[in-house]
Amino acid sequence: MKLLKDKIQNEGRVLSENVLKVDTFLNHQIDPPLMQAVGEEFARRFKDAGITKVITIESSGIAPAMMAGLVLGVPAIFARKQKSLTLIDHLYTASVFSFTKNESNDISVSKDFVTSEDTVLLIDDFLANGQAALGLIDIVEQAGAKLAGVGIVIEKGFQKGGAIIRDKGIRVESLAIISSLANGKVEFLGEDLS
Ligand code: G4P
Ligand code: NA
Ligand code: NA
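Residues numbered from 1 in each chain as written. Chains lettered and ligands numbered in written order. Predicted model: local features only at pLDDT ≥ 70, side-chain atom pairs only at ≥ 80, totals over all residues. Heavy atoms only, no water.

As annotated in an unreviewed UniProt entry, the protein chain carries the name Xanthine phosphoribosyltransferase and is attributed to Sporosarcina siberiensis. The record in UniProt for the protein chain states the following under Subcellular location (unreviewed entry): "Cytoplasm". Note on the protein chain: under the UniProt heading Pathway (unreviewed entry), the record states "Purine metabolism; XMP biosynthesis via salvage pathway; XMP from xanthine: step 1/1." (UniProt positions renumbered as here; feature names shortened; annotations may be inferred.)

Shown next as structure tokens:
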């Protein structure tokens, strides 16, 4: 997605060979028209998949997930990272290991919002090691729902998450795939004319 890649080139800051900071439009301040275009692109790619729900994890997945849900005309659900006082029981939970923090945290989704009737599109802002996506996939499976695929705003193609998820036979659509952050430069995989 050219609009997104241009935004990454113009505003992204390479913090290290592994980390790209994009807090001017995705992770802190959010660019609504860009998120709308992101939502339209996910909806275009998954329009024939029979999606009934979009699912993500708080917080940075919410903006792209909501825009995808808006265009697809379906609800967007975010898995919670913190245990909610009003949602103690009646939850699907999964453990998500963070390589950066070297710790596991539970995520949870109410059983009310994902069921065996649903066909789910999983959305996230970043795909790095894939642990967050695997946790959400676990929850979708617990619910007996169908997973239509995974939509990612920015995939770091040099980390292993994309391969882990695709090797499970799951469709992964990433709007920008970064092949390298070496030498302070963002390089993308593949051409993109639109
Ligand atoms: P990791 O071990 O590779 O870091 O993966 P992990 O899934 O633990 O990621 C931890 C957090 O860092 C996630 O956000 C993820 O989206 C984000 N992340 C991973 N790589 C990058 C990167 O290169 N740039 C940026 N900006 N973020 C990255 P989170 O903790 O769930 O926070 P949020 O969703 O509330 O923003
Ligand atoms: Na994040
Ligand atoms: Na995220």
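There's plenty left to go through after this.
Peer 1: Help me understand the sheet that holds strand 9 (residues 172–180), please; the structure alone is not making it clear to me.
Peer 2: Two modes of strand pairing occur in sheets, parallel and antiparallel, and in both the strands are linked by backbone hydrogen bonds. Taken together, 6 strands build an open sheet; the order of strands is 4-3-7-8-9-10 and the sheet is mixed. The open sheet has two edge strands with one neighbour each: strand 4 (76–79) and strand 10 (187–188). With 3 bridges connecting them, strand 3 (residues 53–57) and strand 7 (residues 119–127) associate as parallel partners. Its bridge partner lying in strand 7, Ile-55 is registered against Leu-122. Packing against the sheet, helix 1 (residues 2–11) makes contact with strand 8 (146–156), strand 9 and strand 10, and its axis sits at approximately 35 degrees to strand 9. (Pairing = 2+ DSSP bridges. Helix = DSSP H or I, 4+ residues; strand = E, 2+ residues; numbered from the N terminus. Contact = heavy atoms within 4.5 Å. Axes fitted to C-alpha atoms, helices over the stretch in contact; angles between N-to-C directions.)

Peer 1: Sorry, what's going on with the pairing of strand 8 here?
Peer 2: Within strand 8, 9 of the 11 residues are buried, which leaves the element mostly enclosed by the surrounding structure. Each parallel crossover has a hand, and the one from strand 8 via helix 5 (residues 161–166) to strand 9 is right-handed. (Buried < 20%, exposed > 50% of the residue type's maximum accessible area, 1.4 Å probe, protein only. Right-handed = clockwise from strand over helix to strand, strands pointing away.)

Peer 1: Got a minute to help me understand helix 4 (residues 131–142) in this structure?
Peer 2: An α-helical turn contains 3.6 residues, so any two residues separated by three or four positions project in the same direction. Compared with the 16 Å implied by 1.5 Å per residue over 12 residues, the 17 Å span of helix 4 between its first and last C-alpha is a close match. Inspection of helix 4 places Ala-133, Gly-135, Leu-136, Ile-137, Ile-139 and Val-140 among the buried residues, and these make up the whole buried set. Positive phi shows up at Gly-144, right after helix 4, with a value of about 70 degrees. (Expected span 1.5 Å × (residues − 1).)

Peer 1: Mind showing me how you'd approach the UniProt feature "binding site: 5-phospho-alpha-D-ribose 1-diphosphate" (unreviewed entry) in the protein chain here?
Peer 2: When the UniProt feature table is mapped onto this chain numbering, "binding site: 5-phospho-alpha-D-ribose 1-diphosphate" (unreviewed entry) sits at Ala-128, Asn-129, Gly-130, Gln-131 and Ala-132. Structurally, Ala-128 can be placed in the loop between strand 7 and helix 4. Setting aside its immediate chain neighbours within four residues, Ala-128 contacts Lys-156, Gln-159, Lys-160 and Gly-161. Note that Asn-129 resides in the loop between strand 7 and helix 4. Relative accessible area serves as the criterion here: at 18%, Asn-129 is assigned to the buried category. Apart from the residues within four sequence positions on either side, Asn-129 is in contact with Phe-99, Gln-159, Lys-160, Gly-161 and Ile-164.

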